[in-house]
Protein chains: 2
Amino acid sequence: MAMLGRLKRLADHLSEQHAQVYKAHDLTQASFDVLATLRRSGPPYSLNPSALIAWTMVTSGTMTNRLDRLEADGLIERRPDPVDRRGSVVALTEKGFDLIERVVTDHVANQHRMLADLPPDVREGLEDALRLWLSKFEPEQS
Amino acid sequence: MAMLGRLKRLADHLSEQHAQVYKAHDLTQASFDVLATLRRSGPPYSLNPSALIAWTMVTSGTMTNRLDRLEADGLIERRPDPVDRRGSVVALTEKGFDLIERVVTDHVANQHRMLADLPPDVREGLEDALRLWLSKFEPEQS
DNA sequence: CCAAAATATCTCGACGTCGAGATAAACTGC
DNA sequence: GCAGTTTATCTCGACGTCGAGATATTTTGG
């Protein structure tokens, strides 16, 4: 019973920790997600909005809004898609790339720090339990 | 590493499950929290906004907004506080009380259903791990 | 080829949240 | 008593999200 509350509160605390890292670089979870997705896609660090929507699992309205802000901040660029005039291609600018490199470094360090709070055996048990429970909601991965 | 993502996704799925119950009664997590807090306070099912703010851990602006909606829906009433003219007293209306009774019933059943997905031994391990980890963020309870 | 269906993206209004700042009333210390 | 501080609540603007509904373009089936 109380476990559900604890799980949620813990997740909230962890998100808050993450948010602090983003904030130190003037980003939010939302903007980090987009930039990190572009970075993860590898050179030339560009994807169309549809792909970003699929990866980040937000609605198109939300993505438009995110891209508007990132573009205004000069972190991404929207270019016309050469092969589909309905669409566009979103690419990291140099400024955006440099920023996300730095943020990811901090982000990863932060994740290690968070996990370091947990003894290895507890962590393994937790890992297994989460995987099992999550499988009830996300049947298969690959 | 991936564990942090799983934890968050699991928490999101569970929240989503909760949200479905609320939605079936035309409530949101936000409005449920307020009504449930009032109900939990026992007769006469009333608290002032400050107390609600403390229990639900939201800002005063958020609480004003929540109360406005709940009042418009006739689920709560705002009465002047007889002993402090700065404040007011928020009370469940009969309609609000009847509603939250029903929702809580469903909510509890839903929680049991969610936990039933988990074998008892896994659950105990998870419980302990969560408690331990959470204690790093919430040092003491009582 | 073309009409109909599908797709890519944007627009817009509603909601929920925060946080800074207003307002009014109640306390506090002389 | 009263000036200064604290407290209770509300207001307001910014942000982020969703979802329904444009709009433009591409794809599909005959």
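Conventions adopted
Residues numbered from 1 in each chain as written. Chains lettered and ligands numbered in written order. Predicted model: local features only at pLDDT ≥ 70, side-chain atom pairs only at ≥ 80, totals over all residues. Heavy atoms only, no water. Least-squares fit on C-alpha atoms with pLDDT ≥ 70 in both. Contact = heavy atoms within 4.5 Å. Near = heavy atom within 4 Å. Polar contact = N/O pair within 3.5 Å; in protein donor to acceptor, adjacent residues only side chain to side chain. Helix = DSSP H or I, 4+ residues; strand = E, 2+ residues; numbered from the N terminus. Axes fitted to C-alpha atoms, helices over the stretch in contact; angles between N-to-C directions. Parallel < 35°, antiparallel > 145°, perpendicular 65-115°, else oblique. Nonpolar A, V, L, I, M, F, W, Y, C, P; charged D, E, K, R; others polar. Buried area = accessible area lost by both parts, 1.4 Å probe. Salt bridge = Lys/Arg side-chain N within 4 Å of Asp/Glu carboxyl O.

(A) Highlighting the relation of the copies chain A and chain B. The two copies are related by a screw operation: chain A maps onto chain B through 180° of rotation and 0.0 Å of translation along the axis, at an RMSD of 0.0 Å. The operation mapping one copy onto its partner corresponds to a two-fold rotation axis. Of the C-alpha atoms belonging to chain A, the one lying closest to the rotation axis is found on A:Leu126, 2.9 Å away. Taken as a fraction of all interface residues of chain A, those also at the interface in chain B reach 100%, which identifies the copy contact as same-surface.

(B) View of the protein's contact with DNA strand C. Near DNA strand C lie 22 residues; those nearest to it are A:Ser50, A:Ser60, B:Thr62, B:Asn65 and B:Arg66. Within 4 Å of the protein, the atoms of DNA strand C are drawn from sugar and phosphate moieties in a proportion of 70%. A:Thr64 places a polar side-chain atom, nitrogen or oxygen, 3.3 Å from a phosphate oxygen of DNA strand C. For DNA strand C, a base oxygen lies 2.7 Å from a polar atom in the side chain of A:Arg86. Looking at the surface near DNA strand C, the elements with two or more residues in it are α3 (49–56) and α4 (60–72) of chain A together with α4 (60–72) of chain B. In terms of residues, the surface near DNA strand C owes the most to one element, α4(B), which gives five residues.

(C) Molecular detail of the packing of helix α2 (residues 29–40) of chain B against helix α5 (residues 94–115) of chain B. Residues and elements named next belong to chain B. Running from amino to carboxyl end, α2 crosses α5 at an angle of 105°, the nearest separation of the two axes being 10 Å. With respect to their mutual orientation, α2 and α5 come out roughly perpendicular. Contacts from Phe32, Leu35, Ala36 and Arg39 of α2 reach α5 at Leu99, Ile100, Glu101, Val103, Val104 and His107. Residues belonging to the contact of α2 with α5 are distributed by class as follows: seven nonpolar, one polar and two charged.

(D) Structural view of the interface of chain A and chain B. Across the contact, 34 residues belong to chain A and 34 residues belong to chain B. Both sides together, the interface formed by chain A and chain B hides about 3,900 Å², and carbon and sulfur atoms give 77% of it. Of all residues in chain A, A:Met1, A:Met3 and A:Phe137 give up the largest surface area on contact with chain B, accounting jointly for 16% of the area buried on that side. Here chain A is connected to chain B by four salt bridges. A salt bridge links B:Glu127 to A:Arg6, with the nearest nitrogen and oxygen atoms 2.4 Å apart. Applying the counting criterion to the chain A and chain B interface returns six residue pairs in polar contact (both at pLDDT 80 or more). For the side of chain A that touches chain B, the secondary-structure elements that each account for two or more residues are α1 (2–24), α5 (94–115) and α6 (120–137) of chain A. A total of 13 residues in the side of chain A that touches chain B trace back to one element, the largest contributor, which is α1(A). Of the residues contributing to the side of chain A that touches chain B, the split by class is 19 nonpolar, six polar and nine charged.

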